[in-house]
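Here is how the chains run, residue by residue.
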Amino acid sequence: MTSHLIILIIAIPLLGAFLLPLLNKFGKRIKYFWLATVLGLTDIFSFFLYLLIIEKGEVVYTLGAKFPLLVSPQGFPIRIILEADALSGFLSFIFLSIIFLIFIYSLKILSNYSFLDKFYVLYLLLTVGILGFLFTGDFFTLFVFYEISSITTAGLIAFFRSEECFKSAFHYLSLFAVGSLFLLFGIGILYSEYGFLNMGIIAKVLQFSFLDKVALSLIASSLLLKAGVFPFYFWKPEAYKVSPISAILLSIISSLSAIYILFRIFLGVFGVNLIFGWILILFSIFSIFMGIFLAIKENNIKKILAYLAISELGYIILGISSGIVMLNNDFGFKAIQGGLFHMVNDILDIGLLFLIIGVVIYITKSKNVLEIRGFGHKYPWLAGFFLLGVFAISGMPPLNGFASKIIIYESVFHLSPVLTIIGILGSILILAILIKIFAIIFLGISPEKYQPVPKTAMAVIFVFAILMISIGLFPGQFTSFFINPAAEALVSQQNYICK
Amino acid sequence: MINFIFLTVIFLIIIGLFGTMFKKNLIKLAMSINIISNGVNLFLISLGYRQGGIAPIFTNAPNLKMVSPTPQALILTNIVINLAVTAFLLSLSILIYKKEKKL
């Protein structure tokens, strides 16, 4: 049982997705029960997987045969391989917990729309795509999961079935079709040189020739496109503007998993390369500032939050890539820790803001949220949680955003003080933008009367807030249980590759 | 010989990229994506080609001179995925056409 945990984590949502249209005939309750079972079971399995990894080290799963006959000269089985170490186990547990919470949130918020069964099929398939990114051990599986997550995200963008949605979904899908073909082209170049697709084998035989650099840049650019950071950030606001809130959060999670696999390939397969690390640092600075400056002039709330999500991803890449550049001293490890820690905090912080905006849209049914005034007068709890999210995302103590950003600032300072200044400046600007939005939507007195907040949505927002405060108050415990093993796993790639 | 194939690959990919960047018509966009996909497929299939090789079935190969089966499996997957993407793009363009009456 424990040896099959990885494949079960991927297979259960896949099976659940394809059984869901059949179960739809038996009514709403059975369908939601099935969804909750599938997501909950996967979450529990991923926690057990994490405990197993902490206890015994990396888990490698060879699909199709326990003792495969065909083995490469380097001792790797020539099959599809799934691998999980402390980093991917930790990320899968966190992501699956948040996906489960988002499902509970969308129970009531989306209940008025038709095509819900198809929505949840795509939801589960996108979960499969994210998990495949986390566990893949060879390049071709990466390509397949890239396509799965692209197609399902395009379907989720078109959920509201307006003309704008269809156009946005078309642009998204055509962009990612091209991106995935670039990924495949890069993989093909690697295959043409070495004749293998397994990441472990390629890491061993890689010579870092010119063609390898071309392949690396093709693969990295397609993954940066998926992550939606600086050179390829333009799809994000257009896509987030029209998609439902649950789909936005899943899309953020898939961006984070793309960042994960980018650094996995960068560090694990291609080794430490300073030029590429500095290019990533440059991209991260640009995405921090690009996101903020484009958010200032925007007047659609979902677009503003999408731009801020871009700049938050910039902090993660800044942390990890500057950690890679100065991996030879202690601060490098610290910076990688900060970046990985910020991955969790990013999805919690920006997720909370998106969830509250989703509730506001659900209650007021307004097209433009920024025309609402005095919302906090009727809903003080929502206003309080929004303010909590604002403080957390801009790195105010004692919340979780501070805990991770301070690690990034302190360690990046030893690479260049300019980077720290840019980071702090970015946080201040984020605070300024969000405080303005808070004042517009929540302050003042509202003449209108609205319905109460859905209980399930409120409960999810409450859980998010509790998690944020507790991570902010006890960052040491969280770091020592989750982040340290994960950062160790990312840095000591030899264990991951050579199993 | 092999250079000619790679030139064709690059030619196809550049035509496709040109189409995706400069064409506004949705059907033409879908076609350009297909052209890029065909270029990448041609690249992958040419990797496994051997002069005078036969289909990779062990019982049929007396002197074990076979083309490599792995790229064929890869492009089979890519063709199927590309079919799904094209179908999705075309259905979206039908929906857009219904609402906007132009492509």
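Definitions and limits used
- Residues numbered from 1 in each chain as written.
- Chains lettered and ligands numbered in written order.
- Predicted model: local features only at pLDDT ≥ 70, side-chain atom pairs only at ≥ 80, totals over all residues.
- Domains from an automatic or database assignment.
- Contact = placed C-beta atoms within 7 Å.
- Helix = DSSP H or I, 4+ residues; strand = E, 2+ residues; numbered from the N terminus.
- Nonpolar A, V, L, I, M, F, W, Y, C, P; charged D, E, K, R; others polar.
- Axes fitted to C-alpha atoms, helices over the stretch in contact; angles between N-to-C directions.
- Parallel < 35°, antiparallel > 145°, perpendicular 65-115°, else oblique.
- Left-handed = near helix turned anticlockwise from the far one by under 90°.
- Buried ≥ 20, exposed ≤ 12 C-beta atoms within 10 Å, placed from the backbone.
- Pairing = 2+ DSSP bridges.

K.L.:
Where do I start with the domain arrangement of chain A in this structure?
P.N.:
A common way to report how large an interface is uses the accessible area buried once the components associate. All names here are of chain A. On domain assignment, one finds that chain A holds domain 1 (1-271) and domain 2 (273-499). In this structure, domain 1 and domain 2 have C-alpha centres spaced 22 Å apart. Taken together, the contact between domain 1 and domain 2 spans 44 residues of the former and 46 residues of the latter. At the level of elements, α3 (86-109), α7 (199-205), α9 (235-242) and α10 (245-269) are the ones that each hand at least two residues to the side of domain 1 that touches domain 2. A total of 12 residues in the side of domain 1 that touches domain 2 trace back to one element, the largest contributor, which is α10. Residues that form the side of domain 1 that touches domain 2 fall into these classes: 32 nonpolar, 6 polar and 6 charged.

K.L.:
What is the right way to look at the packing of helix α6 (residues 163-194) of chain A against helix α3 (residues 69-100) of chain B in this model?
P.N.:
Each pair of packed helices can be summarised by the angle the axes make with each other and by the distance between the axes. Put simply, α6 of chain A and α3 of chain B touch, their axes get as near as 9 Å, and they point 160° apart. One way to sum up the angle between α6 of chain A and α3 of chain B is to call them roughly antiparallel. The handedness of the crossing between α6 of chain A and α3 of chain B comes out as left-handed. Here α6 of chain A contributes Glu163, Phe166, Lys167, Ala169, Phe170, Leu173, Ser174, Ala177 and Leu184 of chain A to the contact with α3 of chain B, which in turn contributes Asn78, Val85, Phe88, Leu89, Leu92, Ser93, Leu95, Ile96, Lys99 and Glu100 of chain B. By residue class, the composition of the contact of α6 of chain A with α3 of chain B is 12 nonpolar, 3 polar and 4 charged.

K.L.:
Looking at this structure, I do not really get the pairing of strand β1 (residues 59-62) of chain A. What am I missing?
P.N.:
On any regular strand, side chains alternate: one points to one face of the sheet, the next to the other face. Residues and elements named next belong to chain A. Burial along β1 is one-sided: Val59 and Tyr61 are buried, and none of Val60 and Thr62, which face the opposite way, are. Where β1 meets strand β2 (residues 81-84), 4 bridges bridge the pair, whose relative direction is antiparallel. Bridge assignment links valine 60 to a residue of β2, and that residue is glutamate 83.

K.L.:
Whenever I open this one, the environment of serine 311 of chain A confuses me. Can you help?
P.N.:
All names here are of chain A. Following the sequence through the fold, serine 311 ends up in helix α12 (residues 301-325). Judged by local crowding, serine 311 falls into the buried class, with 29 C-beta atoms found within 10 Å. Here serine 311 is in contact with Ser287, Ile288, Gly291, Ile292, Gly426 and Ile430, once residues within four sequence places are set aside.

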